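# Notes for the structure review
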Amino acid sequence: RNVKRYMACRNDIRRHDAPFIAVYKSLIPAEEELEKQKQLMAKLDNLVANEWPNAKLYLYGSCANSFGFPKSDIDVCLAIEDDDVNKSEMLLKLADILESNDFQNVQALTRARVPIVKLMDPVTGISCDICINNVLAVVNTKLLRDYSQIDGRLRQLAFIVKHWAKSRKVNETYQGTLSSYAYVLMCIHYLQLRSPPILPCLQEMEPTYSVRVDNIRCAYFDNVERLSTFGSSNRETIAELVWGFFNYWAYGHDYANTVVSVRTGSILGKREKDWTRRVGNDRHLICIEDPFETSHDLGRVVDKFSIRVLREEFERAAKIMHQDPNPSAKLFEPY
Ligand code: GTP
Ligand code: MG
C-alpha cells in the first residue's frame, strides 16, 4: 500500500513538470544577447591589449557560468601577471581609457571590497563591472559551467531556485541573504546527494584540469562530455527536484551541526571546519563551503535575523510544493 501511495504522490507532483519547464524556458537568455556580450568583450579586449599587452580579459559570474538570466550585467576580470600591480592606479587608468572611447557611466570604485570599474556600453546597452586579478572567480565560474554540462536538470533547478530567490527577495547579500553563487552551489550539492546521484563530485575524481591561484590548488575532472549519461539512472523530474530541494532546506538540513560541501560531494560537520562559533562577523548560521577557498563560508553574510527570513521562505516554498494546486505560479509571487 505504501508503494501505491508513493506512486500516487509522485504522479501528482509530476503533473507540475510542464509548467516548471515553461518557467525555466522563459528565463533562458536569447542567442542575440550572447552575441552582444561577445561584441562588447571584443571591444574591451582591444582596448586592454593596447595598454597592457600581457593582460587578458575573462568573463565570470552568471554571464559565463550558464546560470545567467536575460538582461544581466556582465562581470569581467582583467588578469595580469605582475607581482607589483597597483590595482587602484590600474582601475583609474582603465576608467580614463573607457571614457575616451565613448563608454558611459564610467566609474572607478577603488575602495570597494572588490575594487571595480563600472561602465555602460551605449552600442549594446550592456552594463559591465571590471575587476582585476579575481582569478578564483574565473575558476569557480568554470566549475559551475562544467557541472551544468553534465545533466540538464541542474540548470533547470538552479534557474527556478534563483528565480524564486529573486522574487522573494532572499538573493541580497547586503541584507544578509544568499548570493546567486551560493544558491547554485546548494543545487549542485543537492543533485550530488540524490540516490542514485544526478551529479558526480568532480573534485574527487582524477584531475584533468589544474591551476594554482593565490596559493590554492584548483584541480578537478573537467572532461565533462564523458559524463553526459552520469545521471541517467536517476529518473527524478524537475518538479520532484524542486519539491525535494525546498523540503531539504525547510525540514531536512541540520543547521546547527553541518556544512554542505560541493568539493567533497558530502555533508561535513561544523566541528571539523571549526565553524561552530561566531568569529568576527562570520556567524556560520547556514554553512556552504566554497569549493576552492575552503575556509570561506558563503553563508557568512547571514545573521540571526536573516536566517529566520531564509528559513521561513524555505518552509513557505516547501509547503507550496506539498499543497498548492498551482505551485509554479505561487512559488514566485513577489514578496
Ligand atoms: P546573478 O548576477 O544574480 O545572476 O548571479 P551571478 O552568478 O553573477 O552571481 P553573483 O553576482 O553572486 O557572483 C558573481 C561571481 O562572483 C560568481 O559566479 C562567483 O564566480 C563569484 N563569487 C561571488 N561570491 C563569491 C564569494 O563569496 N566567493 C568567491 N570566491 N567567489 C564569489
Ligand atoms: Mg552577477
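Below is a short write-up of the structure. The structure presented is a predicted model; accordingly, all values stated were derived computationally and were not measured. (Residues numbered from 1 in each chain as written. Chains lettered and ligands numbered in written order. Predicted model: local features only at pLDDT ≥ 70, side-chain atom pairs only at ≥ 80, totals over all residues. Heavy atoms only, no water.)

### Side note on the overall build of the chain
Summing up its helical and strand segments, the chain has eleven helices and ten strands in all. In summary, the chain has a C-alpha radius of gyration of 21 Å against a globular reference of 20 Å for 335 residues, a match within 12%. When the backbone C-alpha atoms are referred to their principal axes, the chain occupies close to 70 × 45 × 45 Å. In the chain, buried positions account for 50% of the 335 residues. Sequence separation of 24 or more characterises 64% of the internal contacts of the chain that already satisfy a separation of 6 or more. Total accessible area on the chain is roughly 16900 Å²; 46% of this is exposed by carbon and sulfur atoms. Between the averaged position of the 44 positive side-chain charges in the chain and that of its 44 negative side-chain charges there is a distance of 9 Å. (Helix = DSSP H or I, 4+ residues; strand = E, 2+ residues; numbered from the N terminus. Rg over C-alpha atoms; globule rule 2.2 N^0.38 Å. Buried < 20%, exposed > 50% of the residue type's maximum accessible area, 1.4 Å probe, protein only. Contact = heavy atoms within 4.5 Å. Areas by Shrake-Rupley, 256 points an atom, 1.4 Å probe, with all protein chains shown as cover. Lys, Arg positive; Asp, Glu negative; His and termini not counted. Charge placed at Lys NZ, Arg CZ, Asp CG, Glu CD.)

### Considering a negative patch on the surface
Residues Glu 81, Asp 82, Asp 83 and Asp 84 make up a contiguous surface patch of negative charge. Within the fold, Asp 82 resides in the loop between strand 2 (74–80) and helix 4 (87–99). A relative accessible area of 35% places Asp 82 in the partly exposed class. (Patch = residues over 30% accessible without salt bridge, like charges linked within 9 Å, V, L, I, M, F, W, Y side chains within 5 Å. Salt bridge = Lys/Arg side-chain N within 4 Å of Asp/Glu carboxyl O.)

### So, helix 3 (residues 31–51)
With 21 residues, helix 3 extends 31 Å between its outermost C-alpha atoms, agreeing within 8% with the 30 Å of an ideal straight helix rising 1.5 Å per residue. Within the span of helix 3, buried status applies to Glu 33, Gln 37, Leu 40, Met 41, Leu 44, Leu 47 and Val 48. For helix 3, the buried positions fall inside an angular range of 125° around the axis, keeping them on one side. In helix 3, the exposed positions that point more than 90 degrees away from the buried face belong to Glu 31, Glu 32, Lys 38, Asn 46 and Asn 50. Those residues of helix 3 hidden inside the fold are in contact with strand 1 (55–60), strand 2, helix 4, strand 4 (116–120) and strand 5 (127–132). (Expected span 1.5 Å × (residues − 1). Arc of directions from axis to C-beta.)

### Observations regarding the packing of helix 5 (residues 135–150) against helix 7 (residues 180–192)
It is the contact of helix 5 with helix 7, at a shortest axis distance of 11 Å, that shows an interaxial angle of 40°. With respect to helix 7, the axis of helix 5 lies oblique. Helix-helix and strand crossings are classified by hand; for helix 5 and helix 7 the assignment is left-handed. Only Tyr 181, Val 184, Leu 185, Ile 188 and Gln 192 of helix 7 make contact with helix 5, whose side of the interface consists of Asn 140, Leu 144 and Tyr 147. Grouping the constituent residues of the contact of helix 5 with helix 7 by class yields six nonpolar, two polar and no charged. (Axes fitted to C-alpha atoms, helices over the stretch in contact; angles between N-to-C directions. Parallel < 35°, antiparallel > 145°, perpendicular 65-115°, else oblique. Left-handed = near helix turned anticlockwise from the far one by under 90°. Nonpolar A, V, L, I, M, F, W, Y, C, P; charged D, E, K, R; others polar.)

### Describing the site of ligand 1
In the vicinity of ligand 1 there are 18 residues, among which Ser 62, Asn 140, Lys 162, Lys 166 and Ser 180 approach most closely. Backbone polar atom of Ala 137 to an oxygen atom of ligand 1: 3.3 Å apart, as the coordinates give it. Taking Asn 140, its side chain carries an N or O atom lying 2.4 Å from an oxygen atom of ligand 1. Burial of ligand 1 by the protein chains amounts to 77% of its free accessible area of 610 Å². Residue assignment for the shell around ligand 1 shows that the elements contributing at least two residues are helix 5, helix 6 (152–167) and helix 7. Here the residues of the shell around ligand 1 sort into four nonpolar, eight polar and six charged. (Near = heavy atom within 4 Å. Polar contact = N/O pair within 3.5 Å; in protein donor to acceptor, adjacent residues only side chain to side chain.)

### Overview of the pattern of salt bridges
Opposite charge on two side chains allows them to pair when their charged atoms are near. One pass over the full model with this rule turns up 13 salt bridges. Two residues, Asp 222 and Lys 142, come together in a salt bridge whose shortest N-O distance is 2.9 Å. One end of the pair, Asp 222, is in the loop between strand 7 (216–220) and helix 8 (238–252); the other, Lys 142, is in helix 5, with 80 residues separating them in the sequence. Both residues of the pair, Asp 222 and Lys 142, belong to the buried class. Put simply, Lys 330 and Glu 333 hold a salt bridge, and the shortest N to O gap is 3.9 Å. With a relative accessible area of 38%, Glu 333 lands in the partly exposed category.

### Quick look at the packing of aromatic side chains
Applying the stated criterion across every chain, the model contains 13 aromatic pairs. A connected cluster of aromatic rings, assembled from ring pairs, spans Trp 164, Tyr 183, Tyr 190, Phe 245, Phe 246, Tyr 248, Trp 249, Tyr 255 and Phe 314. Taking NZ or CZ as reference, Lys 162 lies 4.9 Å from the ring centre of Phe 69, over its face. Above the plane of the ring of Tyr 255 lies Arg 311, whose end atom (NZ or CZ) is 3.8 Å from the centre. (Phe/Tyr/Trp six-rings, centres within 6.5 Å; stacked < 30°, edge-to-face > 60°. Lys NZ or Arg CZ within 6 Å of the ring centre and 35° of its normal.)

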